[in-house]
Amino acid sequence: MIEPLLCELSVPGRRGVRFPEPDVPRAELPAGLVRQDLPLSELSEVDVIRHFTRLSQLNYSIDTGYYPLGSCTMKYNPKINEETARLPGFANIHPLQPVETIQGAMLLMFELQEMLKEIGGFAGVTLQPAAGAHGELTGVLIIRAYHEARGDSKRTKILIPDSAHGTNPATSAMSGMQVVQLASDARGNVDLEALRAECDDSLAGLMLTNPNTLGLFDENVEEVIRMVHEAGGLVYGDGANMNALLGITRPGDLGFDVLHYNLHKTFSTPHGGGGPGSGPVGVAAHLVDFLPGPIVDIIEEGDDEQPPLYGLVTPAKSIGRVKAFQGHFGMMVRAYTYIRMHGPEGLRKISEYAVLNANYLMARLKDTYTLPYDRTCMHEFVLEGRWADAPDVHALDIAKRLMDYDFHPPTNYFPLIVHEALMIEPTETESKQTLDAFVDALLKIAEEAHTQPETLKEAPHKTPVGRLDEVKAAKELVLCCGVDASFALPDFELS
Amino acid sequence: MFIPHTDAEREAMLQTIGVTLVEELFKDVPAAHRFPDLNLPPGLTEMEAMAEMQGLAGVNETVRDLVSFLGAGAYNHYIPAAVDAIIRRGEFLTAYTPYQPELSQGTLRAIFDYQSSIAALTGMEACNASHYDGATAVAEAVSMAVANFRGKRTKIVISPALHPHYRATVRTYNPGNAITLVGDSSEVDLESGPEALIPLIDAHTALVVVQYPDFFGRIFDYSALAEATHAAGALLAVAVNPMALGMLTPPGDFGADIVTGEGQPLGIPLSYGGPYLGLFATRKDYVRKMAGRLVGETVDKDGKRAYVLTLTAREQHIRREKATSNICTNQGLIALAATVYLSLLGKGGLKEVSELCYHKAHFAASQIAALPGFELWHQGPFYHEFVVRCPRPVKEINEHLLEHDVLGGYDLGQDYPELKDHMLIAVTEMNSREDIDLLVDVLAEVSDD
């Protein structure tokens, strides 16, 4: 029996927490505005702890196993980060406190901005965006504001390679830009001819993931950037794959104008089952004035006796704020801790070993699984999960079967330009033993695909639940406890 | 530290790859920009890093070192120990987004519990798995409303008493002239109630946005506003403080179509502004228009009840440029914290702490109003935050309060020129009667008697 829902465990009259009686006179409650019923569950603390602990045991996680998820950078999340983020001096400060009372936090944010500038090769950084997609939105709004400030408002076209994450086109559309998809060439690079054809005076910019989602460093990246710049456009870098570049190269040096970092990928803050993330954005000198505010800067210079005073400032032509307050500070503390522990040599080592691990896996798997782009990869690579002589087996089946071998599947069916894609990113924190065990499982599955395909089609066999009826979920749409299944929408189509 | 390889293992791996040096793997990187020297301080051991972090943290004066009356969108509440005990479990903390449901039933069921709890609290029929914070949730409500009318209605009526950061975020999300925002540019008097917005609503209006309690802590019955909004064919979005809903009529009861909110009061530390939790709930008619992840109930191949991310065809990874939002990563772990908090308190506990805030705030307000030179700006109902007209500039008063280790209220003159010398004071269950007496005593020293 799998753990019931909270509402099913509820027993009227139970309570997990009590609060003191008021030490002030009770005020009259506002007439007509008091709720009659509060239909929340009623549980003891033991009930709550057991419920959520049992739920946790139904999860796969980095702490329990290996996640080869391409473009997700599921590296180990150091435990010290959880301690530092919870230090009372960080956890218990209010976002609107006078800056004089929180100089430690201000200094941390200032230094983190400086570190990210140095790592990415940029002139300015905002820490405000809440996640990668939020950083993308910030970056594209900056590009838009830059052109408008120059009176160049006809520039509304954003080019996006066909290998890009879905967030890139969604972000551009959300920012009021027109999206044009760019083809990749036979080696997985941006197709230069396709790019040239789009380089006109309506070009606002190019969103480029480099290394791209095939795990390949674009061999023509400088030429690509030069062409966009010559046409008057700007180049946005999707930093989702920054784990390949620490101390290897700086996107700013290559000519990128804007880039978002994912603190929850590259800089080890935990994914938390879907968030929170943090998506700082770095920009070249000509875009610094457009950054969302506030950012942290020195507001009074120090001298021999006094340290400088750090405070919040809003850049001159700021696009405005992209969220309330100053960003995901708790994630900043974790990333700062991580960068401080690594230093320049440690950061380069992260990327070197992430790339070493990926190339090792690729070398061991490419004779058994089709490798559509056979080049040295960066931190990830993409295989095809299909064989001509095992026509019933798909990438999905391989992914599900891996669960029976105690591995999380790779990202599958992405990037869209590879058939039956299996996108594998090992990260630097996995040992040779783990990688070898993973290879062994994939080789065994390849064999099973040919000898006993039904085992794959029926997989997984060992997980708390088997394959789900996703059509039923979408058709009947039961989204809350206690709401009956008549929620189905008459006009619903699975499209 | 976090890289397990021995030198021998590295050499063996290089050999399998067919190269001799790790550097050879980076030949595609332009040579002129390969292997830059990063000008960063050298790495630290864990022991040294902890000492440095303790040093930085120790410089900050916290809301526990001081007596805090600062709110304005982020509130100092008690967080039961069990909340952190659950969210620190590695199985939740270090899990990925639950795209593989067979390996993620824990996260998926916890999100389903979250959706159920928030729907119950707000009086709505469906809730997504979260947005980034209270500000971006409002911005997403605007996008959803505009998409709901397929871009044919582009006017948004926004209350001037909506949090200034939320209004600013909506503007950042909507550059250019695609939508028109009215209501918070001196069209209505700040002191008037929600009825003042009604004349601004017309056939072009997609959405009306108000806050509950509003930025100034005031509580209004929005029934008449909801009626006028619906009569014009528009939608009503209400941004809530979920703590207040422990005692107040839920927005679903007076006709809200979208409820957003800042979930931070539900067991989330202040943490200098984030990570927090963007609540987003709606009616079933609008579920398909709502952005963000959603968990639905289904069965597995053996008929066993199970949970899965559903209606994903709305989202960016499927719809790409046709999606109404680009949201991907959300606030998963923070939503879990809020769910644990709500389940520990339950219906009785949330009501208890909500009323505790209310009683303490009303006591503080009555004491301050009795001081010469101080006056309550608003005479009607309020929740746990209120506006006081001060005899001197707020900055000056706050500096004086800080000398007595009191963190004063928010200076409203920063955002509202007409509220120069007005302070927004928040009181929660964390403030004892002694704290309130201290605030009143120090304020008495600056009163203009």
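For clarity, every value in this text was computed on a predicted model and none was experimentally measured.

Participant: Lay out the overall build of chain A with the relevant residues and their values.
Facilitator: Within chain A one finds 15 helices and twelve strands. Taking 495 residues into account, the globule formula puts the C-alpha radius of gyration at 23 Å, and chain A, at 25 Å, falls close to it. Overall size of chain A, expressed as C-alpha extent along the three principal axes, is 80 × 65 × 50 Å. Here chain A holds 495 residues, and the buried ones make up 59% of them. Taking the contacts inside chain A whose residues are at least 6 apart along the sequence as the reference set, 72% of them involve residues at least 24 apart.

Participant: Can you break down the sheet that holds strand E11 (residues 411-412) of chain A residue by residue, with the values?
Facilitator: Either a parallel or an antiparallel arrangement is found when strands of a sheet pair, and the pairing is made through backbone hydrogen bonds. Residue and element names in this part refer to chain A. With antiparallel pairing, the three strands of this open sheet are ordered in space as E10-E12-E11. Where the open sheet ends on each side, the last strands, each with one partner, are strand E10 (381-384) and E11. Bridge count between E10 and strand E12 (residues 421-424): four bridges; the pairing is antiparallel. Opposite Leu383, over in E12, you have Leu422 as the bridge partner.

Participant: If you had to explain the pairing of strand E3 (residues 178-182) of chain A to someone new, which residues and values would you point to?
Facilitator: Residues and elements named next belong to chain A. Judged from the five bridges that link them, strand E2 (residues 157-161) and E3 form a sheet pairing that is parallel. Within E3, the position partnered with Leu159 by the bridge is Val180. Crossover E2 to E3 through helix H7 (residues 167-174) is right-handed.

Participant: Break down the nonpolar core for me, with residues and values.
Facilitator: Buried together is how nonpolar side chains tend to be arranged in soluble globular proteins. Val138(B), Leu207(B), Val209(B) and Ala237(B) are the most contacted members of the largest nonpolar core, which totals 310 residues. Counting contributing residues, this core receives three or more from each of domain 1 (67-78 + 347-446) and domain 2 (81-341) of chain B.

Participant: So, the packing of helix H2 (residues 45-56) of chain A against helix H5 (residues 105-122) of chain B: which residues are in play, and what are the values?
Facilitator: Orientation of H2(A) relative to H5(B), taken along the N-to-C sense of each, is 140 degrees, at an axis distance of 7 Å. Classified by the angle between their axes, H2(A) and H5(B) sit oblique to one another. For the pair H2(A) and H5(B), contact is made by Phe52(A), Leu55(A) and Ser56(A) and by Gly106(B), Arg109(B) and Ala110(B), respectively. Class assignment for the residues of the contact of H2(A) with H5(B) results in three nonpolar, two polar and one charged.

Definitions and cut-offs
For every chain, the first residue of the written sequence is number 1, and numbering continues from 1 onward in sequence order. As they are written, the chains are lettered A onward and the ligands numbered 1 onward, keeping that order. The predicted origin of the model limits local features to residues at a pLDDT of at least 70 and limits the giving and counting of side-chain atom pairs to 80 or more, whereas totals for whole chains, interfaces and linings rest on all residues. In DSSP terms, a helix is any run of H or I states spanning at least four residues, a strand is any run of E spanning at least two, and both are numbered starting from the N terminus. Each radius of gyration reported is based on C-alpha atoms, and the globular scaling rule is 2.2 Å times the count of residues to the power 0.38. Residues with at least 20 neighbouring C-beta atoms inside 10 Å of their own are called buried, those with 12 or fewer are called exposed, and the rest are partly exposed, where every C-beta is derived from the backbone. Here contacts are defined at the residue level, using C-beta atoms placed from the backbone and a cut-off of 7 Å between them. Two strands qualify as a pair provided that DSSP identifies no fewer than 2 bridges between them. Think of it like this: strands point away, you trace from the first strand over the helix to the second, and a clockwise trace means the crossover is right-handed. Put simply, a nonpolar core is a cluster of buried Ala, Val, Leu, Ile, Met, Phe, Trp, Tyr and Cys residues tied together by C-beta atoms within 7 Å. An automatic or database domain assignment is the source of the domain bounds shown. Axis lines are fitted through C-alpha atoms, for helices just across the contact stretch, and the angle between N-to-C directions can take any value from 0 to 180 degrees. Between 65 and 115 degrees an angle is taken as roughly perpendicular, under 35 as roughly parallel, over 145 as roughly antiparallel, and anywhere else as oblique. Amino acid classes used here: Ala, Val, Leu, Ile, Met, Phe, Trp, Tyr, Cys and Pro are nonpolar; Asp, Glu, Lys and Arg are charged; the rest, including Gly, are polar.

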